[in-house]
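Residue strings, one per chain:
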Amino acid sequence: MDILAQMQALNACHGISGQEGQVAQVLAEAARPYVDEITTDVMGNLICHKKGRGPKVMFAAHMDSIGFIVTHIEENGFLRVGKVGGVHPNDVCYIPVRFPNGTKGVVVPDGGADLKKLKIDDLCIDIGAKNREEAEELVRVGDTAVYDAPAFVMGDKLTSCYLDDRICCVVLLRAMELLQKSGNDLYFVFTVQEEVGLRGAKTAAWSVNPDYGIAVDVTLADDEPGAKHDGSSVLGKGAAIKVMDSQVICHPAMIQKLEGLAKEQGIAYQLDVIRSGGTDAGEIHRTRMGVVTGGISVPCRYVHTPVETVSQADVEACARLVAAYAATKLD
């Protein structure tokens, strides 16, 4: 699988939280050769089912991205915006963005804003309009914008916007490709609205009602310059097996199983603990009467910026571990 090409195809879609349909279409076509049926629920979750007689296993990776929503159009044609998901103002100044209709712009701070204490209220999007009337011909209140930054490779590293979490959608596709056969009843679920509260995972897990659940997401890398040890994983050391984050304490049996499979199959791995942030595991593990839940994570630098960076070797390790778990005999 060409990881860069797959990311470029996914990022060409407009897939901000609540508007993931284009991303789902691309993923559905890519997954179709490997599963028995594909459905989309009311929320928009894409559920790819590979039938089996064994326990139900749900793998979840979210399709949605963070971004901006237009809240007001100024007389001078600049757009005031709110944030959709975890947008950090200092990380997005002077970056290019695009709207669903192809309109492009750039995020700029107010001239008098304190850059050390920047808030979302201090940001505008400049779309090149002369005035409000011209701007309203291009966008309207309620329209959304996403980062419009390129994806590229630096050695083994892949840099792109929205690796969180589309690189893990790629992990699931690659795992499907690797998987030869399994007796388990497998659900590869591409979820919606994770960035605004794990909303899609909640309804998908209720519907699937799995025996086992694994959230596949990025995790904070501890090898950024001046890292404060908010995470335990680093790029290049393999799949990160989640132990805990702010939303879940993973089931000990799941951690033990994933570690055992990694050792048996020679898959590079490390343990994943982060002080803040969470994944779809937060909703999966407490659905209905509870689910044995864990996580497989791709360490990622500069999360929620337009230049998120991962190791392609780690991506492959995560895919191999997902495939190994999917294929193993479960009680």
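So, here's what we can say about the structure. Note that the structure is predicted; figures quoted are calculated from it, not measured.

**Observations regarding the sheet that holds strand β17 (residues 308–311)**
With antiparallel pairing, the three strands of this open sheet are ordered in space as β10-β11-β17. Each having just a single partner strand, β10 (152–154) and β17 make up the two edges of the open sheet. Averaged over neighbouring strand pairs, the angle between their axes works out to 30° when direction is ignored. The sheet contacts of helix α4 (residues 163–178) involve β11 (157–160) and β17, and relative to β17 the element is tilted by about 30°.

**Digging into the packing of aromatic side chains**
Applying the stated criterion across every chain, the model contains five aromatic pairs. Taken together, a centroid distance of 5.4 Å and an interplanar angle of 15° make the contact between Phe59 and Phe188 stacked. Taken together, the positions of Phe59 in strand β3 (residues 56–62) and Phe188 in strand β12 (residues 185–191) put the pair 129 residues apart, joining distant regions of the chain. Comparing Phe59 with Phe188 shows no difference in burial state: the two are buried. Both rings, one in Tyr212 and one in Tyr325, keep their centres 6.5 Å apart while their planes meet at 70°; by these two values the pair is edge-to-face.

**Quick notes on the nonpolar core**
Phe59, Ile167, Phe188, Phe190 and Tyr325 are the most contacted members of the largest nonpolar core, which totals 63 residues. Per-element tally for this core: the top contributor is α4, with 10 residues. Of all hydrophobic cores here, the second largest spans 29 residues; its members include Val97, Ile127, Ala129 and Val139.

**Some points on the side chain of Thr144**
With respect to the secondary-structure elements, Thr144 resides in strand β9 (residues 144–147). Taking relative accessible area as the criterion, Thr144 reaches 5% and is therefore assigned buried. A polar contact is formed between the side chain of Thr144 and the side chain of His14, at a distance of 2.8 Å. A distance of 3.0 Å separates polar atoms of two side chains, one belonging to Thr144 and the other to Gln19. In contact with Thr144, other than residues within four places in its own chain, are His14, Ile16, Gln19, Phe68, Ile69, Arg98, Phe99 and Pro100.

**Observations concerning the pattern of salt bridges**
All chains considered together, the criterion is met by 14 salt bridges. Measuring nitrogen to oxygen at the nearest pair gives 3.1 Å for the salt bridge that ties Glu29 to Arg32. A residue is classified by how much of its surface remains accessible, and Glu29, at 52% relative accessible area, is exposed. The exposure class of Arg32 is partly exposed, given its relative accessible area of 43%. We note a salt bridge from Glu75 to Arg132, for which the minimum N-O separation is 3.3 Å. Taken together, the residues Glu75 in the loop between β4 (67–73) and β5 (79–84) and Arg132 in helix α3 (residues 132–136) connect sequence positions 57 residues apart.

**Examining unusual backbone geometry**
Excluding glycine, residues mostly have negative phi values, and the peptide bonds linking residues are mostly trans. That bond from Asp164 to Asp165 is cis: its omega, 10°, falls within 30 degrees of zero. Within the fold, Asp165 resides in helix α4. The phi dihedral of Tyr302 is positive, around 60°, even though this residue is not glycine. Its place among the elements puts Tyr302 in the loop between β16 (292–300) and β17. Accessibility expressed as a relative area gives 30% for Tyr302, which makes it partly exposed.

Rules of the game
- Residues numbered from 1 in each chain as written.
- Predicted model: local features only at pLDDT ≥ 70, side-chain atom pairs only at ≥ 80, totals over all residues.
- Heavy atoms only, no water.
- Pairing = 2+ DSSP bridges.
- Helix = DSSP H or I, 4+ residues; strand = E, 2+ residues; numbered from the N terminus.
- Axes fitted to C-alpha atoms, helices over the stretch in contact; angles between N-to-C directions.
- Contact = heavy atoms within 4.5 Å.
- Phe/Tyr/Trp six-rings, centres within 6.5 Å; stacked < 30°, edge-to-face > 60°.
- Buried < 20%, exposed > 50% of the residue type's maximum accessible area, 1.4 Å probe, protein only.
- Core = buried A, V, L, I, M, F, W, Y, C linked by side-chain atoms within 4.5 Å.
- Polar contact = N/O pair within 3.5 Å; in protein donor to acceptor, adjacent residues only side chain to side chain.
- Salt bridge = Lys/Arg side-chain N within 4 Å of Asp/Glu carboxyl O.

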